[in-house]
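# Remarks on the overall topology
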Amino acid sequence: MMERTQKQTKNLTEGSPARLILEFAVPMFLGLLFQQFYSMVDTMIVGKFLGMKPLAGVGATGSLNFMVIGFCIGVCNGFAIPVAQKLGAKDYSALRRFVANATWLCLAFSVVMTVIVSILCGDILRFMKTPEDIFSYTYWYMLIIFLGIPCTFLYNILAALIRSLGDSKTPVIFLALASVLNIGLDLVFIIVFRMGVKGAALATVLAQGISGLCCLWYIGKRFPILRGTKEEWKPLPKYMIRLCAVGIPMGMQYSITAIGTLVIQAAVYGFGSYIFERSNITRCVDLEGAVRNSAAVVLPIPLSKDNRHLYCPLGTEDQQNKLFEDLFTLINPSQLVIGGGIGESFISAADHHGIKLFDCLKRDEVAILNAVPTAEGALEIAFHELPVTLY
């Protein structure tokens, strides 16, 4: 029995400490990155396909999401500590009792947390002063994430138990596969089924649940040591108290950093959604998208080299062949348009479309300060290139 147990688990008390620590810690670090990857992917895909308001709505969930989900992660990691201790002590009966009681506690925590935060979701967002124009996006995204808390507990407690038995690589593999699945489900729910931010949240929950089921399958196949008797699976207050004494402080440790961010976020929301939306940068693939979604348009300096085409030497061939008249048909007269070295032909075209141009190089403070480094640069070139000494 002892030999079989040793084959099922990995003893971290034997061998090079540095190598063992690195082999165990690096996969855990990657696992935390993949946990963050879920919300990052949701934000990227929502911003790409749904636009500014949904993007701002999903972006507003970051701190609140981490406060709740981080607590789940910390609690589960804490529950695994007594399991690892009993493995090191080779007390396998107590190990199974800790696993059983950790399971009962996770079931209780997941049900209680899901009910409470789901009911209070709207009140929490109002307390955070979430702007009204993005409130619905934020609410539905967070509500679905909160309803998926059992899936979060499922993966994290099973992953923590696997790590407590010496295997930190397998949970990361399952989480990486779930991250890829999350991307696919995001695209299907958002593009095909047009579910909006609800689809992004649902994809995250389903991917997390599938990674949890993969861990459950792996534990059943790889660790028969965890198969306890009916007696060992009975809830025992002594074990639960010990688990909570370790798990709850670790959960609070994860959440406490998010609380400070929530306070700052609530203060920022006092400025309105405009400020918050602009903190999320949207990548535009064409000139029309860039101009129409902007409050201000900053033109190249100089605007053109031939008085016909936009001057953009680092742009694509299509962008370099863009006529400035095409640009003016996209600009709204209410937009602020800034440029430099604007020729008369540009000014005439702008007047025709009712657009007021602001030439920054006509301001002395810009022209003079811009001329100083230009003159210094010319002198430096002269010093290096001329064969004579300059006085």
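What counts, and where the lines are drawn
- Residues numbered from 1 in each chain as written.
- Predicted model: local features only at pLDDT ≥ 70, side-chain atom pairs only at ≥ 80, totals over all residues.
- Heavy atoms only, no water.
- Helix = DSSP H or I, 4+ residues; strand = E, 2+ residues; numbered from the N terminus.
- Buried < 20%, exposed > 50% of the residue type's maximum accessible area, 1.4 Å probe, protein only.
- Contact = heavy atoms within 4.5 Å.
- Areas by Shrake-Rupley, 256 points an atom, 1.4 Å probe, with all protein chains shown as cover.
- Core = buried A, V, L, I, M, F, W, Y, C linked by side-chain atoms within 4.5 Å.
- Phe/Tyr/Trp six-rings, centres within 6.5 Å; stacked < 30°, edge-to-face > 60°.
- Lys NZ or Arg CZ within 6 Å of the ring centre and 35° of its normal.
- Salt bridge = Lys/Arg side-chain N within 4 Å of Asp/Glu carboxyl O.
- pLDDT = per-residue confidence, 0-100.
- Pairing = 2+ DSSP bridges.
- Axes fitted to C-alpha atoms, helices over the stretch in contact; angles between N-to-C directions.
- Patch = residues over 30% accessible without salt bridge, like charges linked within 9 Å, V, L, I, M, F, W, Y side chains within 5 Å.
- Expected span 1.5 Å × (residues − 1).
- Right-handed = clockwise from strand over helix to strand, strands pointing away.

## Things to note about the overall build of the protein
Check the secondary structure of the protein and you find 16 helices and three strands. For the protein, buried positions account for 42% of its 391 residues. Long-range contacts, defined here as pairs at least 24 residues apart, represent 75% of the contacts in the protein between residues at least 6 apart. Summed over its atoms, the accessible surface of the protein is roughly 21300 Å², and 66% of this surface lies on carbon and sulfur atoms.

## A few points about the nonpolar core
Formed by 61 residues in total, the largest nonpolar core has its most connected members in Phe 79, Ile 149 and Phe 153. Of all the elements in the fold, those that place two or more residues in this core are helix H2 (17-49), helix H4 (62-88), helix H5 (92-127), helix H6 (132-147), helix H7 (149-164), helix H8 (169-192), helix H9 (197-222) and helix H10 (237-269). Top contributing element to this core by residue count: H5, with 13 residues. Not counting residues up to four positions away in its chain, the partners in contact with Phe 153 are Cys 72, Val 75, Cys 76, Cys 106, Phe 109, Ser 110 and Met 113. Of all hydrophobic cores here, the second largest spans 16 residues; its members include Leu 299, Phe 328, Ile 355 and Leu 357.

## Re the packing of aromatic side chains
Tallied over the entire structure, the rule returns nine aromatic pairs. Judged by centre distance (5.9 Å) and plane angle (80°), the ring pair of Tyr 218 and Phe 223 falls under edge-to-face. Each member of the pair, Tyr 218 as well as Phe 223, is classed as buried. In textbook terms, an aromatic cluster arises when at least three aromatic residues are bridged by ring pairs, as seen for Phe 71, Phe 79, Phe 109 and Phe 153. Above the face of the Trp 140 ring, Lys 198 is positioned so that its terminal group lies 4.2 Å from the ring centre.

## As for the pattern of salt bridges
Counted according to the given criterion, the structure contains five salt bridges. Here Asp 133 ties to Lys 53 by a salt bridge, and the two come within 2.7 Å at their closest N and O atoms. One end of the pair, Asp 133, is in helix H6; the other, Lys 53, is in helix H3 (residues 52-59), and 80 residues separate them in sequence. Two residues, Arg 96 and Glu 232, come together in a salt bridge whose shortest N-O distance is 3.0 Å.

## Describing the confidence of the model for the protein
When pLDDT is averaged along the protein, the result is 82; 81% of the residues meet or exceed 70. Of all the helices and strands in the protein, helix H1 (residues 2-8) carries the lowest mean pLDDT, 47, while H5 carries the highest, 95. Every residue in residues 1-7 is under pLDDT 50, and counting partners more than four places away or in other chains gives six contacts. Low pLDDT, under 50, characterises residues 274-279; the predicted model gives this stretch twelve contacts beyond four residues in sequence or across chains.

## Notes on the sheet that holds strand E1 (residues 296-298)
Pairing between the strands of a sheet is mediated by backbone hydrogen bonds and can be parallel or antiparallel. Here we have three strands laid out as an open sheet, ordered E1-E2-E3, and parallel in their pairing. Two strands lie at the open edges of the sheet, namely E1 and strand E3 (357-359), each paired on one side alone. Along the sheet, successive strands turn relative to each other by an average axial angle of 20°, direction set aside. Where E1 lies against strand E2 (residues 336-339), three bridges are found, and the strand directions are parallel. Among the inter-strand pairings, Val 298 is bridged to a residue of E2, identified as Ile 338.

## Regarding the environment of Tyr 239
In this structure, Tyr 239 sits in helix H10. Taking the C-alpha atoms as reference, Tyr 239 lies 6.6 Å from Asn 101; in sequence the two are 138 residues apart.

## Quick look at a nonpolar patch on the surface
Taken together, the side chains of Phe 49, Leu 187, Val 188, Ile 191, Val 192 and Phe 193 make up a nonpolar region of the molecular surface, amounting to roughly 520 Å² of accessible area. Ranked by the residues each element gives to the nonpolar patch, the list is headed by H8, at four residues. Inspection of the secondary structure puts Ile 191 in helix H8. Judged by its relative accessible area of 37%, Ile 191 falls in the partly exposed class.

## Remarks on H8
In an α-helix, one turn spans 3.6 residues, which is why side chains three or four residues apart end up on the same side. Over its 24 residues, H8 extends 34 Å from the first C-alpha to the last, a length consistent with the 34 Å expected when each residue adds 1.5 Å. Two residues or fewer after H8 comes Arg 194, characterised by a positive phi angle close to 50°.

## Considering the pairing of E2
Consecutive side chains of a regular strand alternate in pointing toward one face of the sheet and then the other. The alternating pattern of E2 places Val 337 and Gly 339 on a buried face and Leu 336 and Ile 338 on a face that is not buried. Looking at chain direction, E2 and E3 are connected through three bridges and run parallel. Looking at the pairing, Gly 339 lines up with Asp 359 of E3. Regarding topology, helix H15 (residues 344-352) serves as the crossover connection from E2 to the parallel E3, and that connection is right-handed.

## Topic: H6
Along its 16 residues, H6 runs 23 Å from first to last C-alpha, staying within 8% of the 22 Å computed at 1.5 Å per residue. Regarding H6, the residues found buried are Ile 134, Phe 135, Thr 138, Tyr 141, Met 142, Leu 143, Ile 144, Ile 145 and Phe 146.

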